[in-house]
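A closer look at the structure
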Amino acid sequence: MRLNKLYFILLLILLYIINAQSNVCESPEKTILPSWYCSQVNTIVTNTWLTWYPIVIIAVFASFSIGTILFMLSFILNNSKLRDFAIAEFYEAGATALIVISFLFIMALIFGGFPGLLIGNIDPYNTSLYYINSTINQTETLINSLYKVYVVAAPITTLTLNVYVSAFKVPNSIFPILFSLINIFVLLPIETITPFLADGLLLLNIEFYIILFAMYFSIPLFIIPGVVFRSILPTRHIGGLMIGIGIGLYGVMPVLFALSYGITTNGLASTFSSISSRLNTLTNEGVLNTGINPPGNPNSIATQLNAISSSIGSYFLSVLFFPMLIYSITYATIITISDFLGGLYYKPRGLLSMGII
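What counts, and where the lines are drawn
- Residues numbered from 1 in each chain as written.
- Predicted model: local features only at pLDDT ≥ 70, side-chain atom pairs only at ≥ 80, totals over all residues.
- Heavy atoms only, no water.
- Helix = DSSP H or I, 4+ residues; strand = E, 2+ residues; numbered from the N terminus.
- Buried < 20%, exposed > 50% of the residue type's maximum accessible area, 1.4 Å probe, protein only.
- Contact = heavy atoms within 4.5 Å.
- Areas by Shrake-Rupley, 256 points an atom, 1.4 Å probe, with all protein chains shown as cover.
- pLDDT = per-residue confidence, 0-100.
- Expected span 1.5 Å × (residues − 1).
- Arc of directions from axis to C-beta.
- Polar contact = N/O pair within 3.5 Å; in protein donor to acceptor, adjacent residues only side chain to side chain.
- Core = buried A, V, L, I, M, F, W, Y, C linked by side-chain atoms within 4.5 Å.
- Bend = angle between axes of the 7 residues up to and from the residue.
- Salt bridge = Lys/Arg side-chain N within 4 Å of Asp/Glu carboxyl O.

**Topic: the overall build of the protein**
Helices and strands together make up the secondary structure of the protein, namely nine helices and two strands. Put simply, the protein runs from its N terminus to its C terminus through helices and strands in the order α-α-α-α-α-β-β-α-α-α-α. When each of the 357 residues of the protein is scored for burial, the buried share is 42%. If you take every contact in the protein between residues at least 6 apart in sequence, the share linking residues at least 24 apart comes to 77%. Surface exposure of the protein reaches about 18,900 Å², of which carbon and sulfur atoms provide 69%.

Written out as structure tokens, the structure is:
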């Protein structure tokens, strides 16, 4: 009697989910999902899901068939452990069937509802790519400005000037001092700052293409095949792990990137843009005139280089620290979901080693 009541409750929940799934994006005034999900992500998820749907149905049917065969063998062999194992397989098959039937609804909650609660009606996928791309452009512009300054300033410090009166060489100590000032306040800071910016540029490009990979391949390469593999007993651990990877890459990582870069990038981009513009102006005026001014003078290249040095901390906070934190959270999410779905810590063992027969 209790088992029948449980089945009845599960059936009601299933019917509710099916009804919710059918209206997930059909009624914009009733849905809690942001508009960008229904106009973009939902279309991609639906089209990909329809391609895989027949294969997934076959896999779910195979899962129920395996449970049925094991249940029949338990009666033939009169083995209670095998019967319990078969019932557990029925539950696993039912859970997989529930995932399959309500797949679009679950994806809408994970990829639309969850980001919508955090960042509102802002597309986290395009937003994260936009922020990273704008930071890449500003970094490249700043490196180009520093290169122009260096190209103009470096040859000046190699010049030699000899003054002769009649046949006698007049000692000249002014220009070597000026050249030393350019070396100290211009060339050496550029040689120190540029490698840091170049490393940051490399990290930004890596992050950009990781998000692109997650956007295009998480659903067709991890989540949907993961549902198929989870339906089959020998590959259930692989399927759970693939679903966890897909949800972590597509549902968690871009949202966190959009949040972190939204906090740090705007001020940093304006600072880098202002410094690049000022460096270009000062370079056109002549490094010999503007580069020898001491730091603190607004018409000094050294002042602009000090401003870059002051911004390096914020730059690497957004380029290095936040991404490492995001990757750690994504990894923890993958482990948690995989463990919940029986994917990460599952150790496939034979029926004999489990003591069933």
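**Let's talk about the confidence of the model for the protein**
This prediction gives the protein a mean pLDDT of 77; 77% of its residues lie at or above 70. When mean pLDDT is compared element by element in the protein, helix H5 (residues 124-156) scores highest at 86, while helix H1 (residues 2-22) scores lowest at 52. Predicted confidence for residues 345-357 stays below pLDDT 50, and this span has 19 contacts to residues more than four positions away or in other chains.

**Comments concerning helix H3 (residues 80-101)**
Compared with the 32 Å implied by 1.5 Å per residue over 22 residues, the 31 Å span of H3 between its first and last C-alpha is a close match. Residues Leu-82, Phe-85, Ala-86, Glu-89, Ala-93, Thr-96, Ala-97, Ile-99 and Val-100 constitute the buried set of H3. Down the axis of H3, the sector holding all buried residues measures 155°, keeping them to one side. Regarding H3, its N-cap is Asn-79, as a side-chain oxygen of that residue lies 3.0 Å from the backbone nitrogen of Lys-81 further along.

**What to know about the nonpolar core**
Tyr-37, Phe-103, Leu-146, Leu-197 and Ile-308 are the most contacted members of the largest nonpolar core, which totals 72 residues. Mapped onto this core, the elements with two or more residues apiece are helix H2 (35-77), H3, helix H4 (103-119), H5, helix H6 (174-230), helix H7 (236-285) and helix H9 (301-340). Take this core: its biggest share by element is 19 residues, from H6. Discounting residues that sit within four places of it in the chain, Tyr-37 has contacts with Cys-25, Asn-42, Leu-104, Met-107, Ala-108, Phe-111 and Gly-112. The next biggest cluster of nonpolar side chains, apart from the first, holds five residues, and it includes Leu-82, Phe-85, Ala-86 and Leu-233.

**So, H2**
Where H2 bends most, at Tyr-53, the angle is about 50°, and the proline Pro-54 comes one to four residues later. Where H2 terminates, the next one or two residues include Asn-78, which has phi positive at roughly 55°.

**Comments concerning the pattern of salt bridges**
The tally for this structure, following the rule as stated, stands at two salt bridges. Close ionic contact of Arg-236 with Glu-89 constitutes a salt bridge, the shortest N to O distance being 3.0 Å. Linking Arg-236 in helix H7 with Glu-89 in helix H3, this pair joins segments that are 147 residues apart in sequence. Across this residue pair, the class does not change: Arg-236 and Glu-89 are buried. Residue Glu-92 is joined to Arg-230 by a salt bridge in which the shortest nitrogen-to-oxygen separation is 2.8 Å. Of this pair, Glu-92 sits in helix H3 while Arg-230 sits in helix H6, placing them 138 residues apart in sequence. By relative accessible area, Glu-92 is classed as partly exposed at 28%.

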